[in-house]
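Structure at a glance
Read off the chains here:
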Amino acid sequence: MIIIKPFARSAFALLLVGCLLLLACTKANNTAQPIVKEEVYAFGTLVNITLYGLPEEKAYQIIGAVVNDFSYLENVWHPWKAGSLGRVNQLLPTKAAFSTGPNIIKLIIEARKLSHTSDNYFNPAIGGLVKLWGFHQDEMPIGPPPSQVDIDNILKQKPSLDNLDIKGFTITSNNEAVILDFGGFAKGYAVQQVIDHIKELGATNAIINVGGDLHVIGNKAGEPWRIGIRNPRGEGILASIAVEGSESVFTSGDYERFYEYQGKRYHHILDPNTGFPVQGVSSVTVVHSSPATADAAATALFVAGPTHWQRIAKQMGLHQVMLIDDQGVVYMTPEMQQRIRFEIEPRPEIIVQQL
Amino acid sequence: MMTWADKVVICMAVGFVLFLYVWLWQAPQEGDEVSILVNGQQQYRIALQQDKILDVVGGLGISRIEIKAGSVRFFSSPCSNKQCIHRGWLDQAGDFMACLPNKVSLYLLGSNNHYDAINF
Amino acid sequence: MKIKLVASKEDQLVANLAALAIGIHILESALPSPLPGVKPGFANIITLIVFLLYGWRMALWVSLLRVFVGSLVLGTFLSPTFLLSLSGALCSLLVLGAISCLSGLGLSAIGLAVLASMAHMLGQFAVAYYLFIPHQALFNLLPVLLSLAIVFGWVSGFITQQLLVRMSGKHEPINRPNYHN
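Residues numbered from 1 in each chain as written. Chains lettered and ligands numbered in written order. Predicted model: local features only at pLDDT ≥ 70, side-chain atom pairs only at ≥ 80, totals over all residues. Heavy atoms only, no water.

1. Some words on the overall build of chain B
Put simply, the rule reads: Numbered from the N terminus, helices here are DSSP runs of H or I no shorter than four residues, and strands are runs of E no shorter than two. Here, two residues are considered to be in contact whenever any of their heavy atoms come within 4.5 Å of each other. Calculation of accessible area relied on Shrake-Rupley with a 1.4 Å probe; when residues are assessed, cover is drawn exclusively from the protein chains displayed.
Along its length, chain B carries 2 helices and 8 strands. What you see in chain B, going N to C, is helices and strands ordered as α-β-β-β-β-β-α-β-β-β. Summarising the internal contacts of chain B: among those between residues at least 6 apart in sequence, 30% fall at separations of at least 24. Here chain B displays about 6,200 Å² of accessible surface, and carbon together with sulfur accounts for 58% of that area.

Encoded structure:
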């Protein structure tokens, strides 16, 4: 017979209680949670949604909401199709005052702030140029590129968001060349709205990836999300970065939307100053807490190029920037260098520059 | 402490476990596969060990997918841009490629999943 | 009409031993485990002691009580953890039962513990594979789990022996299990 002395018995009991309390704290974390991943075609591109830590049913509910949001926003902000922005673009050149919804007004106001801090390298008022080049349609144009005359006609009018006077919900343009195309911004802004929405719905750990540009919230069971950054030239993954909390990773590249005509490549990121696709840069990656800022910044810095990117990045309040020129040379901030890990051999030439 | 029978049993147990190590761990560790989706729905899930050519019907037409030497790529596609083809070969678990116009996408799955998402 | 439940001596014995086993089970589940489902299995020491002193039937009772009551206390009743626990216990009891039918095979507590531990692990693995993770990759884990099972089994067996020595007051460890059935 096993006989336990009274003292030992109480000691044992105390130990048991203590362990039960310890258990209560640790048990919650021990059950495995599912990761739900889904891809959908929305917002004109491929959207990948990853959710962690939610029961499947809830996750699919949230995914449904995300799809709805993106569909709605795509319509509202499409510069050319019949929708809110399409209508705005028809009325702007008339230079008459007209009213539009808060979705558009807010978009313009936010974009305007970013235009200012980027010295107009990010300029969504050049929709006329975008259309001229043919990048406004879903199908890529086949060429030839527009004539210098046509480009100059628009350039000399210097369209900019500052040409818009906004009072309440009424807009008046004083420059008939202003056509709005938020290509380098709407994605980020939409992602922000969708992220806010899924947080309301109860998501705490997620990745919303819209055509390669993404924002993450939370993490994956305590581990940060690992993001692979594609090589702008060639195959495979160039570098990886671990993100968590609330971070965006946005990349602008000359390989996303382009066409080739007579051996030359024309891509969709136009320099508002020259009216031509930016030369000399193959991609810009920005990490920032705001997807809208990250999106506009990636576009602005792409235009700024290796010469001006530091100045613009500093003005825009960015810290984690990587720019790759068309020779494959990598420029980045020290903060970015700390976070990024290159996955290719040999490592590219890297120039670290303080802002 | 330990009887003769104990020692026999333990030796047999250890031998059995060693055998398991050899037998089970020799199988290829990767088990890498490519998951092919059309319009968001998984249509195929194929191991990368066998070379293979696969025609996938998408929204625009047929994308031909080639698997060779543990890697996968778009061989041909009905899109105008052919970006998917220019991307070349994928071989890292976690990587992905899509032909947007044709709504065909490839995801590389494996035991060594490097990435949760791809930024480009 | 008053219903009086009279606990026999045997009931009391079972209850005491089960309580001890449950206590150890609970303590053990607070320990972090390197791999899911891998516990040192020290509650099995109680099972072994009971088996050696009081026979297989008693060991069965104590073991099952440990699994059921332990899971109720921990709030894992009918959960995957519970199923794993149950399958492990049943498999190791089966093996002990088989050995019992074969008159012990000349094994001491150590040999018994190793076999019981391996059976326990195999039972848990089968449930984990067929019910929860039917993935080939799980088999990569099996040799590792069984290695640990051998080690922990040996340790359990050793502790069992030492406890039995102290309990019986003799200096000779009990090597010949006492088989009532």
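2. Things to note about unusual backbone geometry
Rule in force here: Relative accessibility thresholds used throughout: buried, under 20% of the residue-type maximum; exposed, over 50%; partly exposed, between the two (1.4 Å probe, protein chains only).
The backbone of Asn120(A) sits at a positive phi, close to 65°, despite the residue not being glycine. Given a relative accessible area of 25%, Asn120(A) falls into the partly exposed group. Not every positive phi belongs to a glycine, and Ala69(B) is a case in point at roughly 50°. Among the residues examined, Ala69(B) registers a relative accessible area of 69% and is labelled exposed.

3. Here's the deal with the pattern of salt bridges
Applied cut-off: Salt bridge, as used here, is a side-chain nitrogen of Lys or Arg placed within 4 Å of a carboxyl oxygen of Asp or Glu.
Tallying each qualifying case throughout the model produces 14 salt bridges over all chains. A salt bridge links Lys113(A) to Glu110(A); the nearest nitrogen and oxygen atoms lie 3.3 Å apart. Of the two residues, Lys113(A) and Glu110(A) both sit in helix 4 (residues 102–117), 3 residues apart, roughly one turn of that helix. The salt bridge involving Arg45(B) is made with Glu33(B); its shortest N-O contact spans 2.8 Å. Of the two residues, Arg45(B) sits in strand 2 (residues 41–47) while Glu33(B) sits in strand 1 (residues 33–38), which places them 12 residues apart along the sequence. Residues joined by salt bridges that share partners form a network here, namely Lys220(A), Arg226(A) and Asp116(B).

4. Quick look at the confidence of the model for chain B
All names here are of chain B. Counted only if it meets this: Scored between 0 and 100, pLDDT is the confidence that the predictor attaches to each residue.
For chain B, the average pLDDT comes to 86, and 95% of its residues sit at 70 or higher. When pLDDT is averaged over each element of chain B, strand 8 (residues 117–119) comes out on top at 94 and helix 2 (residues 83–86) at the bottom at 85. Low pLDDT (under 50) marks residues 27–31, which in the prediction has 7 contacts with non-local residues, meaning those over four places away or in another chain.

5. Some details on the interface of chain A and chain B
To keep it simple, the criterion reads: The buried area of a pairing is the accessible area, by a 1.4 Å probe, that goes missing from both parts when the two are put together, added over both. Polar contact is defined as a pair of N or O atoms within 3.5 Å, subject to the rule that within protein one atom must be able to donate a hydrogen and the other to accept it, and that residues adjacent in sequence are counted only when both atoms are side-chain atoms. Three residue categories are used. Nonpolar comprises Ala, Val, Leu, Ile, Met, Phe, Trp, Tyr, Cys and Pro, charged comprises Asp, Glu, Lys and Arg, and polar comprises the others, including Gly.
The interface of chain A with chain B comprises 41 residues on the first partner and 28 residues on the second. Around 2,800 Å² of area is buried between chain A and chain B when both sides are counted, 44% of it from carbon and sulfur atoms. It is Tyr41(A), Arg226(A) and Arg230(A) that lose the most area in chain A upon contact with chain B, and together they represent 29% of the buried surface on that side. Where chain A meets chain B, there are 3 salt bridges. With a shortest N-O distance of 2.7 Å, Lys220(A) and Asp116(B) are connected by a salt bridge. Our enumeration of links across chain A and chain B arrives at 24 residue pairs in polar contact (both at pLDDT 80 or more). Within the residue set of the side of chain A that touches chain B, elements represented by two or more residues are strand 1 (35–42), strand 2 (45–52), strand 6 (206–210), strand 7 (213–218), strand 8 (225–230), strand 9 (237–243) and strand 10 (245–253) of chain A. Counting residues per element, the side of chain A that touches chain B draws most heavily on strand 8 of chain A, at 6 residues. Of the residues belonging to the side of chain A that touches chain B, the class tally is 15 nonpolar, 14 polar and 12 charged.

6. As for helix 1 (residues 4–25) of chain B
Residues and elements named next belong to chain B. Going by this rule: Any helix carries an expected span of 1.5 Å times its number of residues minus one. The arc under discussion is defined with respect to the helix axis, by the directions toward the C-beta atoms.
End to end, helix 1 covers 32 Å across 22 residues, agreeing with the expected 32 Å (1.5 Å per residue, within 8%). Taken as a whole, helix 1 has its buried residues at Ala-5, Asp-6, Val-9, Ile-10, Ala-13, Val-17, Leu-20 and Leu-24. Around the axis of helix 1, the buried residues are gathered within 130° of arc, so they sit on the same side. Within helix 1, the exposed residues directed more than 90 degrees away from the buried face are Trp-4, Cys-11, Met-12, Leu-18, Val-22 and Trp-23.

7. Topic: the confidence of the model for chain C
Residues at a pLDDT of 70 or more form 86% of chain C, whose mean pLDDT is 81. Averaged pLDDT values for the elements of chain C fall to 81 in helix 1 (residues 9–29) of chain C and rise to 89 in helix 4 (residues 80–101) of chain C.

8. Considering the pairing of strand 1 of chain A
All names here are of chain A. Basically, it comes down to this: At least two bridges found by DSSP between two strands are what make those strands a pair.
The pairing of strand 1 with strand 2 spans 8 bridges and is classified as antiparallel. Note on strand 2: the bridge partner recorded for Ile-35 is Tyr-52. Taking the residues that link successive antiparallel strands as the turn, the strand 1-strand 2 hairpin has 2 residues, and the phi of Phe-43 there is positive, at about 55°.

9. Quick look at the packing of aromatic side chains
This is how it is decided: Working definition: rings of Phe, Tyr and Trp (its six-membered ring) pair if their centres are within 6.5 Å, and the pair is stacked with planes under 30 degrees apart, edge-to-face with planes over 60 apart, and tilted otherwise. The rule for a charge over a ring is simple: NZ of Lys or CZ of Arg within 6 Å of the ring centre, and within 35 degrees of the ring normal.
Inspection of every chain in the model, using the stated rule, returns 17 aromatic pairs over all chains. Ring plane angle 75° and centroid distance 5.3 Å describe the contact between Phe68(C) and Phe82(C), whose orientation is recorded as edge-to-face. Linking Phe68(C) in helix 3 (residues 56–74) with Phe82(C) in helix 4, this pair joins segments that are 14 residues apart in sequence. Relative accessible area serves as the criterion here: at 35%, Phe68(C) is assigned to the partly exposed category. The ring of Phe258(A) carries Arg265(A) above its face, with NZ or CZ at 4.0 Å from the centroid.

10. Quick notes on the packing of helix 1 of chain C against helix 2 (residues 43–54) of chain C
Residue and element names in this part refer to chain C. Under the convention used in this document: Here the axes come from fitting lines to C-alpha atoms, over the contacting stretch only for helices, and the angles between their N-to-C directions go from 0 to 180 degrees. Here the word oblique covers every angle except those under 35 degrees (roughly parallel), over 145 (roughly antiparallel) and from 65 to 115 (roughly perpendicular).
For the pair helix 1 and helix 2, the least separation of the axes is 8 Å and the interaxial angle reads 155°. The pairing of helix 1 with helix 2 is recorded here as roughly antiparallel in orientation. Taken together, the residues of helix 2 that come into contact with helix 1 (itself represented by Leu-13, Leu-17, Leu-20, Ala-21, Ile-24, His-25 and Glu-28) are Ala-43, Ile-46, Val-50 and Tyr-54. Looking at the contact of helix 1 with helix 2 residue by residue, the classes come out as 9 nonpolar, 1 polar and 1 charged.

11. Some words on the nonpolar core
Put simply, the rule is: By nonpolar core we mean a set of buried residues, namely Ala, Val, Leu, Ile, Met, Phe, Trp, Tyr and Cys, connected to one another through side-chain atoms within 4.5 Å.
Judged by nonpolar contacts, the single largest core of 74 residues is most densely connected at Phe70(A), Trp77(A), Leu180(A), Phe185(A) and Ile198(A). If you tally residues by element for this core, the top one is helix 8 (residues 291–315) of chain A, at 13 residues. Excluding its chain neighbours within four sequence positions, the residues that come into contact with Phe185(A) are Leu107(A), Glu110(A), Ala111(A), Leu114(A), Phe122(A), Ala292(A), Asp295(A) and Ala296(A). If you look at the next biggest cluster of nonpolar residues, it comprises 26 residues, including Val9(B), Ile45(C), Val50(C) and Leu107(C).

12. Some words on the sheet that holds strand 1 of chain B
All names here are of chain B. One open sheet holds the 4 strands; their spatial order is 2-1-7-6, and the pairing between them is antiparallel. The open sheet is flanked by strand 2 and strand 6 (96–99), the only strands paired with a single partner. On average, adjacent strands in this sheet sit at an angle of 20° to one another, irrespective of strand direction. Relative to strand 2, strand 1 runs antiparallel, the two sharing 6 bridges. When the bridges of strand 2 are listed, Ile-36 appears paired with Tyr-44.

13. Some remarks on the environment of Val76(A)
All names here are of chain A. Considering the arrangement of structural elements, one finds Val-76 in helix 2 (residues 56–77). As for Val-76 and Gly-86, which are separated by 10 residues in sequence, their C-alpha atoms are 8.0 Å apart. When neighbours within four sequence positions are excluded, Val-76 is seen to be in contact with Ser-84, Leu-85, Asn-103 and Ile-104.

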